[in-house]
Amino acid sequence: TSESSESSMAKSCLFCENVISSMNFRSLFGDPAIALYPQIQEVLSFVPSKQVWTRRGLSNAVCKPCFNKLNKLAKIDLDLTTRLQQLTSEKEALVKGLRPKNLRLSVTPVKSKKRPLVKTTPTPKKLVKRPLYHTPTKYAPIAPGRANQVPSSTVVHAPTAAVHAPTAADGCFPLTRDKQTQVGAALDPDGTVKVVITYPSGRKTKVVKDSDDAKYLRALADGSSAERLAGILYRNKALRPLLQRQMCNRLSQDCKALCSNSSPSVLRETSTDGLLTFNWITLMQEWKQRSPLLYDTLHAVACNTTKKSSAPEVHYPCIGMAGCALLFHRNPKMCRLQMATGMVLDNGGTTDESIGVLQRMGVTVTPHALHQKRKQMLEKHQELMDKTVGDFVKQKEYKASAERVCTRSSTSSQWLEIGPYHTP
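All figures in this text were calculated on a predicted structure; none of them were measured in a lab. (Residues numbered from 1 in each chain as written. Predicted model: local features only at pLDDT ≥ 70, side-chain atom pairs only at ≥ 80, totals over all residues. Heavy atoms only, no water.)

**Quick word on the overall build of the protein chain**
- Helices and strands together make up the secondary structure of the protein chain, namely 15 helices and 4 strands.
- Scored against the burial criterion, the 424 residues of the protein chain give a buried share of 17%.
- Pairs at least 24 apart in sequence give 56% of the contacts found in the protein chain among residues at least 6 apart.
- Accessible surface computed for the protein chain: about 34300 Å², of which carbon and sulfur atoms make up 58%. (Helix = DSSP H or I, 4+ residues; strand = E, 2+ residues; numbered from the N terminus. Buried < 20%, exposed > 50% of the residue type's maximum accessible area, 1.4 Å probe, protein only. Contact = heavy atoms within 4.5 Å. Areas by Shrake-Rupley, 256 points an atom, 1.4 Å probe, with all protein chains shown as cover.)

As structure tokens, then:
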């Protein structure tokens, strides 16, 4: 124990050379120090090695202050690298933003003034050209129906200037080729898709090598239906995520317009009359007109779209319930169905805890909202009752006053008939 304590007392720091009087130090060959070897190499100008340390008898202990300085040095290196990457990205973005889009600079090559190198060959070039026995022509070489005929003579003669070209009467048809649009078409393999784009300045030709794009262009050239073209595009693995993202963005825009205050939806009508006159057909008609993508998506989830349903109204409740729950989660003011469901549950004796659980599922509103709505309905009902009673009292008073007027008129008429000198 005394020997170990003496050895621990004798340790000194490698960097500051201070004597370490406690166990609070780091070993130079431990796991925490290995991550700092680049910084240690920068300080010592060489990488630490156990063999070198053992041979030279160097200390492998690092005190806590020096180890913290090494960590700080590593953090500074990391910050410098990160900042340099950020500045490089910012510079590239600025260069790309300042670069003009429509400006095209063409550099005219300068003609060299050097004398061209003349290659002298011992054999001179032959100037005499021998004629070919089979000169290619512009027409199909073999007419249908004459391929099996044996020529009358086996002697091959060289072609002359007067060559008879097969006509349509012989069963051959000329191969019409446009040199401007079909450059190199004879060298292209079968099934090659080439796109020719005509600009005011000229034409641009591009050969499509991607199999999916080529398949779509072939179907487009063959006059395929729009449904088949859409299927080819959606089966493209590169385009499918982009198409799905476009559909999601469009669906989000439709739902945003459906929940807006400028053109309120029927789900915002939470009055007493609105709760009593709720109808699934009206809701589905609104979704078909304002957000057909939402209706088609929910309809595809709820039922099989490949089979035609005779009565689509059967699926309206489940489609509407799912859509209303999603729109209520997006905007709490779209709560016409949830308010009606909550009133039914509250009237049936459902507890507030159960209603709270259903509210988190998007089925109903909160118990507090139901209480406020019930209070408003009671106040409106009281106003309606007071108005009804007031109208009834006014009608009775008007009837009584009318009877009194009639009685007075009949009495005055009797007095006129009896005369002024008669005393009743």
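**A look at the packing of aromatic side chains**
- A complete count under the given rule lists 1 aromatic pair for this structure.
- Look at phenylalanine 278 and tryptophan 280: their rings are 5.1 Å apart centre to centre, the planes differ by 80°, and that puts the pair in the edge-to-face class.
- We classify tryptophan 280 as partly exposed; its relative accessible area is 24%.
- Sitting over the ring of phenylalanine 67, arginine 26 keeps its end group 5.5 Å from the ring centre. (Phe/Tyr/Trp six-rings, centres within 6.5 Å; stacked < 30°, edge-to-face > 60°. Lys NZ or Arg CZ within 6 Å of the ring centre and 35° of its normal.)

**Topic: the pairing of strand S3 (residues 193-198)**
- Bridge count between S3 and strand S4 (residues 203-208): 6 bridges; the pairing is antiparallel. Looking at S4, one finds that valine 193 is bridged to valine 208.
- The hairpin formed by S3 and S4 contains 4 residues between the paired strands. (Pairing = 2+ DSSP bridges.)

**Quick look at the confidence of the model for the protein chain**
- Overall, the prediction assigns the protein chain a mean pLDDT of 75, with 72% of residues at 70 or greater.
- Mean pLDDT values for the elements of the protein chain range from 42 in helix H1 (residues 2-9) up to 91 in helix H8 (residues 240-258).
- Below a pLDDT of 50 lies the segment residues 1-9, which in the model reaches 5 contacts outside its immediate sequence neighbourhood of four places, other chains included.
- Ignoring residues within four places in sequence, the model shows residues 139-187, a span with pLDDT below 50, making 32 contacts including any to other chains. (pLDDT = per-residue confidence, 0-100.)

**Thoughts on the environment of leucine 28**
- Residue position: leucine 28 is located in the loop between strand S1 (25-27) and helix H2 (31-34).
- Judged by its relative accessible area of 0%, leucine 28 is buried.
- When the C-alpha atoms of leucine 28 and proline 48 are compared, they prove to be 7.9 Å apart, with 20 residues separating the residues in sequence.
- Here leucine 28 is in contact with Leu14, Ala33, Tyr37, Ile40, Pro48, Trp53, Asn60 and Val62, once residues within four sequence places are set aside.

**Some words on the state of the cysteines**
- By the definition in use, this model includes 0 disulfides.
- Its sulfur unpaired, cysteine 13 is 3.5 Å from the next cysteine sulfur, which belongs to cysteine 63. (Disulfide = S-S within 2.5 Å.)

**Examining a positive patch on the surface**
- On the surface, a cluster of positive charge is made up of Lys215, Arg228, Arg235, Lys237 and Arg240.
- Examined against the element boundaries, arginine 228 turns out to sit in helix H7 (residues 226-235).
- Residue classification places arginine 228 among the partly exposed positions, given a relative accessible area of 40%. (Patch = residues over 30% accessible without salt bridge, like charges linked within 9 Å, V, L, I, M, F, W, Y side chains within 5 Å. Salt bridge = Lys/Arg side-chain N within 4 Å of Asp/Glu carboxyl O. Lys, Arg positive; Asp, Glu negative; His and termini not counted. Charge placed at Lys NZ, Arg CZ, Asp CG, Glu CD.)

**Things to note about a nonpolar patch on the surface**
- A surface patch of nonpolar side chains, about 270 Å² in accessible area, is lined by Val389, Phe392 and Val393.
- Topologically, valine 389 is positioned in helix H15 (residues 367-418).

**Overview of the packing of helix H3 (residues 37-44) against helix H5 (residues 64-98)**
- Packing of H3 against H5 leaves a shortest axis separation of 9 Å and a crossing angle of 105°. Classified by the interaxial angle, the pair formed by H3 and H5 is roughly perpendicular. Here H3 contributes Gln39, Ile40, Glu42 and Val43 to the contact with H5, which in turn contributes Leu70, Leu73, Ala74 and Asp77.
- Split into classes, the residues belonging to the contact of H3 with H5 amount to 5 nonpolar, 1 polar and 2 charged. (Axes fitted to C-alpha atoms, helices over the stretch in contact; angles between N-to-C directions. Parallel < 35°, antiparallel > 145°, perpendicular 65-115°, else oblique. Nonpolar A, V, L, I, M, F, W, Y, C, P; charged D, E, K, R; others polar.)

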